[in-house]
Amino acid sequence: MASMKLCAALLLALSAGEETAVSCRGMEQMRSVVITDDKEIEAKDSTSLLQRGAGALASPLSKATLAHATDPADNVAHESNPLRSTLSSIGAVVVIYIITYDVLLVTHCINKARGNLSGPLEKAMESAIMGVAFAPMLCVLFLSVYKRADTLTMHHPEKYELPQNYVDIALPVCVVAFAMQMVLYVIKEWTINKQDASGVAPGNQTSLWVSLHNLAAFVMYVSAIIVIVGLVFMSQPSDLVDSKGELPLSTGVFCCNCLVVLYFAVYAFLHIIRMIDYHWRGRTLPAEHLTDKSRYLYEVFKIAATVLQSAPMLSVLFIAIELTVDAGEEPLSDVTETCMYLCTFLLVVQVAVAVITPFATGAKLKASPQRAELVDFETNWPRLFTLMSSIKNFCMMATYLALFVIAYYAWTAEDMPVWRILVVHLATFYFLVYLFFYLTVATRSLMARNSGMDDGIKTMMTAKDAVAFCPMLAILLMYCWAKATSIKGVDGKSGQPQGYAQDGMFLATFGTVVVEAVRV
């Protein structure tokens, strides 16, 4: 169901901005005019159908006459800059993300219709979801580059050739490597599941796919690092510094940069450790390898990666706020700015505590009696372990308090564009679910094991799965808006997404709420 919801939203990515000011010289443009009380109200194509319907209900129109007018070609001509590499890269990653989930949905439906159990392909696609886990944060990185280049050049990045040339090269390389590692991951998992179903031990063919997947992942990480370096060292053109003064790094972009660097550092380290253990040393996850140092590091950084689950949505919210502030639609208050810094700092502290705690308490790995691949940490210093966990929980609760202030600022802002309203909705749904999940887990830890909280945890786990699409859906809405604004008319005004695209934004966003309610 969630994939169908994103499929509806895919229309936004493919068409946004292409019809906002479309006309060619020598051709006539037809427009609808509503005649009322000696006034003409132009029904713009970029207006949402839902918005027009609401306006019609509230308007005092007594008579409506449909007329046609012809504009000279000079008045309707428009300019459309070439699509920036950052926007095209975001669009490509979004499409890859949606296709992956669509293939999984179709495969699951076919197996269900035939009454079959999960086959090798469905199992491979379920495992491949891990391969697209980088997609939201990758898009956040590209959005940060887009935002920074746009700000430094006063909305003329092409004139000053920003981002840098090596960043423009690294962007498509990163996207292609992301797609390749995704495809190779699916092939690798399909080969392994097929061999398991046939009772055949993994052979050289599996090793080949693993090597190719690791190579593609390596290229993706290297190109992402190049993009990050370009983002950090991107500078304002000298003539703009002389005329406008030096522009400081905005709060949202700074916080996003910190989260992006932290996110990719943790996941890159996690991937390197796993590659060394699985591929070079030929080790897997049985209990006999729990004493290995590399396995210990792998489990520690898995906890750090879990802490960073909310980083993509947090970064998307920061970028959305900064885009609105730069558009001059709402000033950023000092309290909100402080809370943005605080959220970033507290998330960094949580990751640091998660990494330090097992080492500081001398914790050892212990295999789960039910599943050998699941492990837990046990320590001879329970009080110290409890103290470190309390620090982590305190930081988490402080993060949510700061988020409450940011959400209040976002919800009370006036004259917000459609895309930002919906992004705020998605962020609110997302963080509320995660807050209730953490509260449920905390309550469960304080009560007896037979207290009945296990069902609550299962319910909240299902809710977490339902909102997992929120970061990518929010990015899709922002991408749709950014692409539409790249089209400018002769009067210099930017375009807007088409009416049906804006309707699709509403349907996709509130479809998330419906899916959430049904699954819970």
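Undergrad: Now, about the overall build of the protein: what can you tell me, with residues and values included?
TA: Across its full length, the protein carries 18 helices and 7 strands. Counting only contacts in the protein whose residues sit at least 6 apart along the sequence, the fraction spanning at least 24 positions is 82%. With the model as given, the accessible surface of the protein reaches about 26,300 Å², and the carbon-plus-sulfur share is 64%.

Undergrad: So what's going on with the pattern of salt bridges? Residues and values would help.
TA: Inspection of the entire model under this criterion finds 1 salt bridge. Its salt-bridge partner being Lys-302, residue Glu-299 comes within 3.7 Å of it at the nearest N-O pair. With a gap of 3 residues between them, Glu-299 and Lys-302 both fall in helix 11 (residues 293-307), about one helical turn apart.

Undergrad: Requested: an account of the packing of helix 13 (residues 334-360) against helix 14 (residues 382-412), with residues and values cited.
TA: The geometry of a pair of packed helices is captured by two quantities: the angle between their axes and the separation between those axes. In the contact formed by helix 13 and helix 14, the axes pass within 9 Å of each other and the chain directions differ by 160°. The pairing of helix 13 with helix 14 is recorded here as roughly antiparallel in orientation. In this structure, helix 13 meets helix 14 at a crossing whose hand is left-handed. Of the residues contributing to the contact of helix 13 with helix 14, the split by class is 22 nonpolar, 4 polar and 1 charged.

Undergrad: Describe in detail the nonpolar core, supporting the description with residues and values.
TA: One recurring pattern in soluble globular proteins is that nonpolar side chains are buried together. If you look at the biggest cluster of nonpolar residues, it comprises 121 residues, and the most contacted ones within it are Val-93, Phe-142, Phe-178, Phe-264, Phe-318 and Met-478. Excluding residues within four positions of it along the chain, Phe-318 makes contact with Gly-252, Cys-255, Cys-256, Leu-259, Met-340, Cys-343, Thr-344 and Ile-406.

Undergrad: Report on the packing of aromatic side chains, specifying residues and quantitative values.
TA: Scanning the model with the defined rule gives 16 aromatic pairs in all. Grouping aromatic residues by their ring pairs yields a cluster made of Tyr-400, Tyr-430, Phe-431, Tyr-434, Phe-437 and Tyr-438. Directly above the aromatic system of Phe-437 lies the positively charged group of Lys-464, at a separation of 4.3 Å from the ring centroid.

Undergrad: Quick rundown of the packing of helix 6 (residues 135-152) against helix 17 (residues 470-485)? Include the residues and the values.
TA: Put simply, helix 6 and helix 17 touch, their axes get as near as 10 Å, and they point 30° apart. By the criterion of interaxial angle, the relationship of helix 6 to helix 17 is roughly parallel. Two packed elements cross with a definite hand, and for helix 6 against helix 17 that hand is left-handed. Listed contacts from helix 17 to Ala-135, Pro-136, Cys-139, Val-140, Leu-143 and Tyr-146 of helix 6 are Pro-471, Met-472, Ile-475, Met-478, Ala-482 and Thr-485.

Undergrad: Summarise helix 17; cite the residues concerned and give the values.
TA: Across its 16 residues, helix 17 extends 23 Å between first and last C-alpha, which sits within 8% of the 22 Å expected from 1.5 Å per residue. With 16 of its 16 residues buried, helix 17 lies for the most part within the structure.

Undergrad: Talk me through the side chain of Lys-147; I want residue IDs and the actual numbers.
TA: Residue placement: Lys-147 occurs in helix 6. Exposure remark for Lys-147: the relative accessible area of 3% places this residue in the buried category. Each residue touching Lys-147, except ones within four places of it in the same chain, is listed here: Ser-250, Val-253, Glu-322, Leu-323 and Asp-326.

Undergrad: Can you lay out helix 6 for me, pointing to particular residues and giving the numbers?
TA: Taking 1.5 Å of rise per residue, 18 residues should cover 26 Å, and helix 6 covers 26 Å from first to last C-alpha, within 8% of that figure. Of all 18 residues in helix 6, 18 are buried, a share of seventy percent or more. One or two residues past the end of helix 6 sits Met-154, with phi positive at roughly 55°.

Undergrad: So what about the environment of Glu-299? Which residues, and what values?
TA: Accessibility expressed as a relative area gives 5% for Glu-299, which makes it buried. Separated by 78 residues in sequence, Glu-299 and Phe-377 place their C-alpha atoms 9.2 Å apart. The contact partners of Glu-299, leaving out residues within four places of it in the chain, are Leu-365, Val-375 and Phe-377.

The rules behind these values
Residues numbered from 1 in each chain as written. Predicted model: local features only at pLDDT ≥ 70, side-chain atom pairs only at ≥ 80, totals over all residues. Heavy atoms only, no water. Helix = DSSP H or I, 4+ residues; strand = E, 2+ residues; numbered from the N terminus. Contact = heavy atoms within 4.5 Å. Areas by Shrake-Rupley, 256 points an atom, 1.4 Å probe, with all protein chains shown as cover. Salt bridge = Lys/Arg side-chain N within 4 Å of Asp/Glu carboxyl O. Axes fitted to C-alpha atoms, helices over the stretch in contact; angles between N-to-C directions. Parallel < 35°, antiparallel > 145°, perpendicular 65-115°, else oblique. Left-handed = near helix turned anticlockwise from the far one by under 90°. Nonpolar A, V, L, I, M, F, W, Y, C, P; charged D, E, K, R; others polar. Core = buried A, V, L, I, M, F, W, Y, C linked by side-chain atoms within 4.5 Å. Buried < 20%, exposed > 50% of the residue type's maximum accessible area, 1.4 Å probe, protein only. Phe/Tyr/Trp six-rings, centres within 6.5 Å; stacked < 30°, edge-to-face > 60°. Lys NZ or Arg CZ within 6 Å of the ring centre and 35° of its normal. Expected span 1.5 Å × (residues − 1).

No statement about biological role is implied by the geometric values presented.
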